[in-house]
Amino acid sequence: MAMSFEWPWQYRFPPFFTLQPNVDTRQKQLAAWCSLVLSFCRLHKQSSMTVMEAQESPLFNNVKLQRSKGHLFLLPDSSLKYLWRKAEGRQQTEGKLPVESIQIVLEELRKKGNLEWLDKSKSSFLIMWRRPEEWGKLIYQWVSRSGQNNSVFTLYELTNGEDTEDEEFHGLDEATLLRALQALQQEHKAEIITVSDGRGVKFF
Amino acid sequence: MDRFVWTSGLLEINETLVIQQRGVRIYDGEEKIKFDAGTLLLSTHRLIWRDQKNHECCMAILLSQIVFIEEQAAGIGKSAKIVVHLHPAPPNKEPGPFQSSKNSYIKLSFKEHGQIEFYRRLSEEMTQRRWENMPVSQSLQTNRGPQPGRIRAVGIVGIERKLEEKRKETDKNISEAFEDLSKLMIKAKEMVELSKSIANKIKDKQGDITEDETIRFKSYLLSMGIANPVTRETYGSGTQYHMQLAKQLAGILQVPLELLSPEDLVNACKMLEALKLPLRLRVFDSGVMVIELQSHKEEEMVASALETVSEKGSLTSEEFAKLVGMSVLLAKERLLLAEKMGHLCRDDSVEGLRFYPNLFMTQS
């Protein structure tokens, strides 16, 4: 994961790694976390993750976080006094969002429609930087634009075919694609079918 | 670096050598200067540096000019150092290598090791202050640090002085508080005597307990806060009593009180606002209660707290308390209030609870 990802300013702000008790502040904080998780997963093309992986990932761990400190000096007459001076070579500590707070962030993402738990024990999840409905819309727009209503496609063709090379959904992972198509199916704009070597979709 | 004076390097009578170390470089504040390789000598009176290449180049500062010292550990490619903070140079100082300097500290870099031992000996000399007991020649005496009567409220000296004043003030407050305690002890003794006398009379069935003794005893009970309807009646109804007390409280702020039970005090304080007295009882979310002047607007204090925290980047309750000069308990309440109002946010880690300006709200 050595791609140069641009961390947002919050990532270097120590309070980001403490769940804020003030409700309004927390709202802003969680919004920033959700945004960070989605852009991180998008860049790293990560569509699913386990909670364990999340805990260990640099996403929720800033190992180079800096906390500012004042200085306590022991004076020659052995009295103890606080004196302030800009700390040279600031001490580097760690910013680690505790697992309970990670779960709160994940729950926020789920409520927004960007996350889906893959198992009952909530140990792994699907992460979609665009909600399935949004993907569905994009796919359907392309279908209509290219005059391919009433056509049938295999799932593979949609995400890996030559025709879709310029489309945003090209290369989309199957799990997310399926949910996008299910959303379209709900709107009666598509139907997921079984084809010779797997699954496909018919658009209306 | 403007505190140094040229010297022959010879020790005066009564001045003894404590330790010396080769391979020491001097920094003016953070800046490297030409004095990069010398022998550093510590005596009972001075810190002397002599250039290893040119023995004629020799300078010194008096130990009495040192405010305090700190260590800086060695790093990769960096020698261990001692940082020496200094008093300002007196106007009649003898000539030295630098006429002026913007820095009030120097650094001594130990390129051939020896920092640990040197620091230890220097700390010892700073603690023992032997130069005060062993007078040397007049020329050394002139550099004595800040002259009396010159009030310099800037820099480290100023801060030190303010802290010293604060410490004296605290000591005075503690002594005054203990005066009340001695009065309490005397009253307690009287009460013990009275109880013993009554107990004995009951036990020996000797004579009647006098009315005077009964009244005295009940008044002691009231003072301790023991609710006694009979006693209350003697002093008027509860509410009236508290009202009277509230009025008195407002007037006797500075005068040591007679014994008063906490319950009575709180009840009286609850009346303050209703009686339109200039004091007010304030209850924080945590349950902590304080008495404050009505003009004291907590919101103004919160705005000022935000400014202080922003200036320092971040602060713990203890750091804020020390900076502003208030109790840690009140400091914490103020910071928590600022957080509740959305001005501050928190960083809660293994290093402790630290407050930052609430950038979540101010940065877009």
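Just so it is clear, the structure is predicted and the values come from calculations on it, not from any experiment.

A. Just the overall build of chain B, in detail. When helices and strands are tallied, chain B shows 11 helices and 13 strands. A burial count over chain B gives 37% of its 364 residues as buried. Total accessible area on chain B stands at roughly 21300 Å², and carbon and sulfur atoms take up 55% of it.

B. Spotlight on the packing of helix α4 (residues 132-145) of chain A against helix α6 (residues 174-186) of chain A. Residue and element names in this part refer to chain A. For the pair α4 and α6, the least separation of the axes is 8 Å and the interaxial angle reads 75°. What the angle tells us is that α4 and α6 run roughly perpendicular. Side by side, α4 and α6 meet where P132, E133, W135, G136, I139 and Y140 of the first sit next to T176, L177, R179, A180, A183 and L184 of the second. Of the residues belonging to the contact of α4 with α6, the class tally is eight nonpolar, two polar and two charged.

C. A nonpolar patch on the surface, seen in detail. Taken together, L181(B), L184(B) and M185(B) make up a surface patch of nonpolar side chains, about 270 Å² in accessible area. With respect to the helices, strands and loops of the structure, M185(B) is situated in helix α3 (residues 155-204).

D. Inspection of a negative patch on the surface at higher detail. On the surface, a cluster of negative charge is contributed by E157(A), E162(A), D163(A), E165(A) and D166(A). If you trace the backbone, D163(A) turns up in the loop between α5 (155-160) and α6.

E. Summary view of the environment of D348(B). Of note, D348(B) is situated in strand β12 (residues 344-349). For D348(B), a relative accessible area of 44% corresponds to the partly exposed category.

F. Representation of the nonpolar core within the structure. Counting 32 residues, the largest nonpolar core has W33(A), V37(A), F60(A), L106(A), L109(A), F125(A) and I127(A) as the members making the most contacts within it. Breaking this core down by element, the ones donating at least two residues are α1 (23-43), α2 (51-56), α3 (99-112), β6 (115-117) and β7 (124-127) of chain A.

G. Just the sheet that holds strand β10 (residues 198-203) of chain A, in detail. Residue and element names in this part refer to chain A. On the basis of which strands lie adjacent, the open sheet formed by three strands has the order β8-β10-β9 and antiparallel pairing. A strand with exactly one partner marks an edge of an open sheet, and here the two such strands are β8 (152-154) and β9 (190-195). With direction set aside, neighbouring strand axes in the sheet form an average angle of 30°. One ladder, built from six bridges, connects β9 with β10; its direction is antiparallel. Following the sheet pairing, V195 is matched in β10 by G198. Contacting β9 and β10, α6 crosses the sheet at an angle of about 130° to β9.

H. Here's a closer look at the packing of aromatic side chains. One pass over the full model with this rule turns up 21 aromatic pairs over all chains. Relative to W135(A), the ring of W129(A) lies with its centre 5.4 Å away and its plane at 85°, an arrangement referred to as edge-to-face. One aromatic cluster in this structure is built from F5(A), W7(A), W9(A), Y11(A), F13(A), F16(A), F17(A), W33(A), F40(A), F60(A), Y356(B) and F360(B). Directly above the aromatic system of W129(A) lies the positively charged group of R42(A), at a separation of 3.7 Å from the ring centroid. The lysine or arginine in question, K189(A), covers the ring of Y140(A), its NZ or CZ lying 5.3 Å from the ring centre.

The rules behind each value
Residues numbered from 1 in each chain as written. Chains lettered and ligands numbered in written order. Predicted model: local features only at pLDDT ≥ 70, side-chain atom pairs only at ≥ 80, totals over all residues. Heavy atoms only, no water. Helix = DSSP H or I, 4+ residues; strand = E, 2+ residues; numbered from the N terminus. Buried < 20%, exposed > 50% of the residue type's maximum accessible area, 1.4 Å probe, protein only. Areas by Shrake-Rupley, 256 points an atom, 1.4 Å probe, with all protein chains shown as cover. Axes fitted to C-alpha atoms, helices over the stretch in contact; angles between N-to-C directions. Parallel < 35°, antiparallel > 145°, perpendicular 65-115°, else oblique. Contact = heavy atoms within 4.5 Å. Nonpolar A, V, L, I, M, F, W, Y, C, P; charged D, E, K, R; others polar. Patch = residues over 30% accessible without salt bridge, like charges linked within 9 Å, V, L, I, M, F, W, Y side chains within 5 Å. Salt bridge = Lys/Arg side-chain N within 4 Å of Asp/Glu carboxyl O. Lys, Arg positive; Asp, Glu negative; His and termini not counted. Charge placed at Lys NZ, Arg CZ, Asp CG, Glu CD. Core = buried A, V, L, I, M, F, W, Y, C linked by side-chain atoms within 4.5 Å. Pairing = 2+ DSSP bridges. Phe/Tyr/Trp six-rings, centres within 6.5 Å; stacked < 30°, edge-to-face > 60°. Lys NZ or Arg CZ within 6 Å of the ring centre and 35° of its normal.

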